[in-house]
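Remarks on the overall topology
Single-letter residue listing:
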Amino acid sequence: MHGAFRPRAYGCSRCGPGRRRGLAATSVGLHPTTVVYALVVVVLGIVALAAQRLRRA
């Protein structure tokens, strides 16, 4: 039964305010995480290229 075990004030898992808050937290938290991971990948790539050039020299 849809929302039968919780008081109506809390909403349900499909349409309640918790679902909207979870979606907002995910979209807000995802962007900084993506930026940090992208920067780490770029830095590791630069470090790898520098190490490769030092080995050749």
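Structural data are supplied above this passage.
First things first, this report covers the structure right here in the doc.

Rules used in this analysis
- Residues numbered from 1 in each chain as written.
- Predicted model: local features only at pLDDT ≥ 70, side-chain atom pairs only at ≥ 80, totals over all residues.
- Heavy atoms only, no water.
- Helix = DSSP H or I, 4+ residues; strand = E, 2+ residues; numbered from the N terminus.
- Buried < 20%, exposed > 50% of the residue type's maximum accessible area, 1.4 Å probe, protein only.
- Areas by Shrake-Rupley, 256 points an atom, 1.4 Å probe, with all protein chains shown as cover.
- Patch = residues over 30% accessible without salt bridge, like charges linked within 9 Å, V, L, I, M, F, W, Y side chains within 5 Å.
- Salt bridge = Lys/Arg side-chain N within 4 Å of Asp/Glu carboxyl O.

Observations regarding the overall build of the protein
- Regarding its fold elements, the protein presents one helix and zero strands.
- The burial tally for the protein puts 5% of its 57 residues in the buried class.
- For the protein, the exposed area adds up to about 5,300 Å²; of that, 69% sits on carbon and sulfur atoms.

Considerations on a nonpolar patch on the surface
- On the surface, Val-36, Val-40 and Leu-44 cluster together to form a nonpolar patch covering roughly 260 Å² of accessible area.
- Its place among the elements puts Leu-44 in helix H1 (residues 17-56).

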